[in-house]
Amino acid sequence: MSKYLLGLLCLLPFLAQGQMVKGRITDAQNQPLKGAAILWKGSTSGVASNAEGRFEIAAQAEQQQKVLSISLLGYAPQEVDVKSDLYVEVSLSATSIDLNTFTIRELSQQRTAIERLPEVVGTYIASGKKNEVIQIADMDANLADKTGRQLFAKVPGVFVYDMDGSGNQINIATRGLDPHRSWEYNVRLNGVVTNSDMYGYPASHYSAPMESIEKVELVRGTAALQYGAMFGGMINYVTKTADTTRKISYEGNFNYGSFNTKGMYNAIGGKIGKFSYYTYAYSRSSDGYRDNSKINSSAQFMSLKYDFSNRFTMKAELAHSYYQYQMPGPLSDAMFYDNPRQSTRSRNYYSPDIWVPSIQVDWKLGKRTHLNVVSSGIWGGRSVLTFVGFADKPDVINPQTGQYANRNVDVDHFNSFTTELRFKHQFSTGDVEHTLIAGARYINNDLNRQQLGKGTTGSDYDLSLVGPFGRDLWYRTNNVAVFAEHLLQLTPRLSVSGGMRVESGRTDMEGYISYLDPLKVPNNIEHHFPLFGASAQYKLTNFATLYGGISQAYRPIIFADVIPANALEKVDSNLLDNRGYNAELGIRGKWRNRVHFDVSLFELGYNNRMSNTIIQENGQSLVFKTNVGNVRTRGVEFYTEVNLLETKNARISVFTSTSYFDSRYVQGSVVVAGKNTEIAGNRVESTPKWMTRNGLQGRYRGFSAALQYSWVDLSYSDPENTVTPTANGAKGIVPAYGLFDFNATYRFNKNFSLKASASNFTDTQYFTKRPTIHPGPGVWSSDGRSLMMTAIIKL
């Protein structure tokens, strides 16, 4: 498939024709303005600026007077003469407006369709890449429970893994990748990396409340060179920002729902002179769907920004999240079908406590030159308290001692520091517009992993030790990456780009492991690799764009892979780095704002894929980690949304987001009953062939609602494609499931709204994955029917 994509990219330059005028609309503080109307003077049709204030409009060659009229409610209109460079930047001045009228108009413009990043956003290039922008704040969805299938409903191919109970972290993957803590993605908050330790333990443990999120930006693997080496790409959670028209504003969300779930979110923000601020505090508690699955969580955030001028700004942010989850333990299939709400553990706990400080400087050195520098950290810890064992190993009181067994204590201490510098410069050579992005990133991580400690025999959350840690290790990483991408706007319709990324780093380990010979564990791991990629975009018409690209990806072996996590794990001593690529070709656009669509073909190559298989050794079941083989995932991702009815006060729309994945091992073998077994042709675990999410959405004046049906095909839990479940539930198929969700919002006025959610209202019993690592091998029931009510106050 890759060669066909490259061939098509080579042909695109010969298809180019026509001209487009581009530009950006901002306010007096140089903040982007969305929804500004741009049309040629004397014309009755035009375009609107996007979330970054950017627009494109077809040039009018026959017109003698090339004047653009630009207007936006609440701002003084402007007329602009278009010069020969076909690029304009316009700053609109605010005027007084009737806020009640403005609020009603905003409701009628509620954004429900998936949006796209502009070709160049800030110091990033998105042209030619598959990407989605999800307007979380405008959704009829269960934000309080962070229901992933609703939040990512319109992103085809997103696999949602229910692991920590509702309301905690969101675990997602695309294109057959591993969804555990979204660790195949470069995960960010407002552009700041939140992966806890990129080269020690790359999972993202930070968990922001969805009530705080304005939008989510998802960029697929072909754009990874600008963010990191990840196969998945980048996911950026963008928080709400200050209302810059007021000195102080307030938002409060108050939740109550099933399983005694209670939550509260309070935020204030505003702008005083050149200083703007936004801060929130959040708390949530729940008894959980299953027995012994209580959850307590909290989060705080503060953003302070100062505009020294319309070209130079500085921003400091501090984000914190914490939750404590009582893990109810894995089930066998027999247990699940008997009672999916039962638990096999009452003394297991998981608790991440993460701080993310950052300082960002944004400097527009000139009209077409932009510098951005971000320094950030990940501080905090992750604690796990467990009685280790498969589902068929009960955690019961020993009749001889009258006590439970000692629990296992694991504590990770994160101390990561990252500085990323990004530079953008735009220039012209003849009729060709250029955008050059270049930058560097430095990572210094200091991770202390204290694991296999002998804990108490108690039942509460107590990290006290009665015996030493089985291992106490320090991972110290230094990594330097340099990257560059060059976008050429060859014609107003055709753009091509090429990029590269070079990373070099080393992780040194010191400490002790009580159960392993030190000679069997490396004391350092080095990684040095270059990656290359190219993409292109061609505007077939004013409502359809063809895009495509190919990019290399890389995941180095890390110490978390090399060292067994507990007594149930065994690791292959000859693990290899994962190398591969992403290739995609798609068409996207919108027709008369009635039909939105994005259809893409892709191929993902993932060589030396690591997997966990269940083996028997000396009569005991063990989780064996090894490179099982090379994977090729090919598929189709299809999204369309159709506005069936749209008036000033009402809208009815339908959507489908559907994917087909053919994800298979093309080479590899695993050990089964002491013998090597070929797995070439087998399907990749946790990768359903079909996934589809479909919805009906409606709005009338202040009322809006969404009905959604999600269906996920069956998948396998292991490379051997075991069908019949094992007695302990660790292996076997994951059955297909279909779920109905309903969400509604009524906005009484601009100050008060009420939301209601009925998730999985048919009470379907299902599970999404059989994990072989944390939180434990076996079946983990997902939530049945749950109801949620949310009151929202804005002042």
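Worth saying up front: this structure is predicted, and the values here are computed from it rather than measured. (Residues numbered from 1 in each chain as written. Predicted model: local features only at pLDDT ≥ 70, side-chain atom pairs only at ≥ 80, totals over all residues. Heavy atoms only, no water.)

S.K.: Residues and numbers for the pairing of strand E39 (residues 690-700), please.
M.R.: Relative to E39, strand E37 (residues 650-672) runs antiparallel, the two sharing eleven bridges. Bridge pairing in E39 links Ala-650 to Tyr-700. Where E39 lies against strand E40 (residues 703-712), ten bridges are found, and the strand directions are antiparallel. Paired with Leu-696 across the two strands is Leu-707, which belongs to E40. A loop of two residues connects E39 with E40, the two strands running antiparallel in sequence, and Arg-701 in this loop sits at a positive phi of about 50 degrees. (Pairing = 2+ DSSP bridges. Helix = DSSP H or I, 4+ residues; strand = E, 2+ residues; numbered from the N terminus.)

S.K.: Can you tell me about the pattern of salt bridges, naming the residues and giving the values?
M.R.: Under the definition given, this model contains 43 salt bridges. Note that Lys-215 is salt-bridged to Glu-217, the shortest N-O span being 3.6 Å. Here Lys-215 matches Glu-217 in class, with each residue buried. A salt bridge links Asp-333 to Arg-770; its shortest N-O distance comes to 2.8 Å. (Salt bridge = Lys/Arg side-chain N within 4 Å of Asp/Glu carboxyl O. Buried < 20%, exposed > 50% of the residue type's maximum accessible area, 1.4 Å probe, protein only.)

S.K.: Before we move on, can you summarise the packing of aromatic side chains with the specific residues and values?
M.R.: Per the counting criterion, the structure on display carries 22 aromatic pairs. Measuring from centroid to centroid gives 6.0 Å for Tyr-323 and Tyr-350, while their planes differ by 50 degrees, and the two rings are tilted. In this pair, Tyr-323 is assigned in strand E23 (residues 312-327) and Tyr-350 in strand E24 (residues 348-366), connecting sequence segments 27 residues apart. Take Tyr-323 and Tyr-350: they sit in the same class, and that class is buried. Where Phe-748 meets Phe-752, the ring centres are 5.2 Å apart and the plane angle is 35 degrees; that geometry is what we call tilted. Of the residues examined, Phe-748 reaches a relative accessible area of 47% and is grouped as partly exposed. (Phe/Tyr/Trp six-rings, centres within 6.5 Å; stacked < 30°, edge-to-face > 60°.)

S.K.: Now, about a nonpolar patch on the surface: what can you tell me, with residues and values included?
M.R.: A cluster of nonpolar side chains, namely Ile-272, Phe-275, Met-302, Leu-304, Tyr-306, Phe-308, Met-314 and Ile-359, defines an oily patch on the protein surface of about 690 Å² accessible area. As for its placement among the helices and strands, Phe-308 is situated in the loop between strand E22 (295-307) and E23. Note on Phe-308: relative accessible area 42%, which makes it partly exposed. (Patch = residues over 30% accessible without salt bridge, like charges linked within 9 Å, V, L, I, M, F, W, Y side chains within 5 Å. Areas by Shrake-Rupley, 256 points an atom, 1.4 Å probe, with all protein chains shown as cover.)

S.K.: Which residues make up the sheet that holds strand E4 (residues 54-58), and what values go with them?
M.R.: An order of E4-E1-E7 is seen for the three strands of this open sheet, with the pairing classed as mixed. Each having just a single partner strand, E4 and strand E7 (87-91) make up the two edges of the open sheet. Strand-to-strand twist of the sheet, defined as the mean angle between neighbouring strand axes without regard to direction, takes the value 25 degrees. Of the strand pairs in this sheet, strand E1 (residues 20-26) and E7 are connected by five bridges, and their pairing is parallel. Bridge pairing in E7 places Gly-23 opposite Val-88. (Axes fitted to C-alpha atoms, helices over the stretch in contact; angles between N-to-C directions.)

S.K.: Lay out the sheet that holds strand E18 (residues 233-239) with the relevant residues and their values.
M.R.: Taking strand neighbours across the sheet as the criterion, the five strands line up as E10-E17-E18-E13-E14 in an open arrangement whose pairing is mixed. Two strands bound the open sheet, and with one partner strand each, they are strand E10 (131-134) and strand E14 (192-193). In this structure, strand E17 (residues 213-219) lies alongside E18, joined through six bridges in antiparallel fashion. Note that in E18 the partner of Val-219 across the bridge is Met-234.

S.K.: Break down the environment of Leu-531 for me, with residues and values.
M.R.: Here Leu-531 shows up in strand E31 (residues 524-541). Taking C-alpha positions, Leu-531 is 16 Å from Ile-437, a pair spaced 94 residues apart along the chain. Beyond its immediate stretch of four places on either side in the chain, Leu-531 contacts Leu-225, Ala-229, Gly-499, Met-500, Arg-501, Gln-552, Ala-553 and Tyr-554. (Contact = heavy atoms within 4.5 Å.)

S.K.: Got a sec to walk through the pairing of E40? Specific residues and values, please.
M.R.: Pairing geometry for E40 and strand E43 (residues 737-747), over ten bridges, is antiparallel. The residue bridging Tyr-709 from the neighbouring strand is Phe-740, located in E43.

S.K.: Kindly report on the environment of Glu-526, identifying the contributing residues and their values.
M.R.: Its place among the elements puts Glu-526 in strand E31. Expressed as a C-alpha distance, the spacing of Glu-526 and Val-636, which sit 110 residues apart in the sequence, is 36 Å. One polar contact links Glu-526 to Arg-506, side chain to side chain, over a distance of 3.0 Å. A distance of 3.2 Å separates a polar atom in the side chain of Glu-526 from a polar atom in the side chain of His-528. (Polar contact = N/O pair within 3.5 Å; in protein donor to acceptor, adjacent residues only side chain to side chain.)

S.K.: Can you tell me about unusual backbone geometry, naming the residues and giving the values?
M.R.: Backbone torsion omega between His-774 and Pro-775 reads 10 degrees, so that peptide bond is classified as cis. With respect to the helices and strands, Pro-775 occurs in the loop between strand E44 (752-759) and strand E45 (786-794). Phi is positive for Ser-182, which is not a glycine, with a value near 55 degrees. When you line up the elements, Ser-182 lands in the loop between strand E12 (171-173) and strand E13 (185-189). Here the phi dihedral of Asn-721 falls at roughly 60 degrees; this positive angle occurs in a residue that is not glycine. Tracing the backbone through its elements, the reader meets Asn-721 in the loop between strand E41 (715-716) and strand E42 (733-734).

S.K.: Any chance you could break down the nonpolar core for me, citing the residues and the numbers?
M.R.: Ranked by size, the top nonpolar core spans 59 residues in total, and within it Leu-151, Phe-152, Ile-235, Tyr-237 and Tyr-280 carry the most contacts. The residues touching Ile-235, leaving out its near neighbours within four places in the chain, are Phe-152, Ile-172, Tyr-185, Asn-186, Val-187, Arg-188, Val-216, Glu-217 and Leu-218. One finds Trp-40, Phe-55, Val-80 and Val-88 within the second-largest nonpolar core, a separate group that totals 17 residues. (Core = buried A, V, L, I, M, F, W, Y, C linked by side-chain atoms within 4.5 Å.)

S.K.: Give a description of the side chain of Asn-760 that names residues and reports values.
M.R.: Position of Asn-760 among the secondary structure elements: in the loop between E44 and E45. Apart from the residues lying within four places of it in its own chain, the contact partners of Asn-760 are Arg-149, Leu-739, Phe-740, Asp-741, Tyr-766, Asp-783, Gly-784 and Arg-785.

S.K.: For the confidence of the model for the protein chain, give the residues involved together with the corresponding values.
M.R.: Close inspection of predicted coordinates is inappropriate for parts of the model with low pLDDT. Taken as a whole, the protein chain shows an average pLDDT of 89; of its residues, 92% reach a score of 70 or greater. Across the protein chain, the secondary-structure element scoring lowest on mean pLDDT is helix H2 (residues 99-108), at 39, and the one scoring highest is E43, at 98. Taken as a whole, residues 2-18 scores under 50 in pLDDT and shows 27 contacts with residues more than four places along the chain or in a different chain. Contacts from residues 96-109, a stretch scored under 50 in pLDDT, to residues over four places away or in other chains number 13 contacts. (pLDDT = per-residue confidence, 0-100.)

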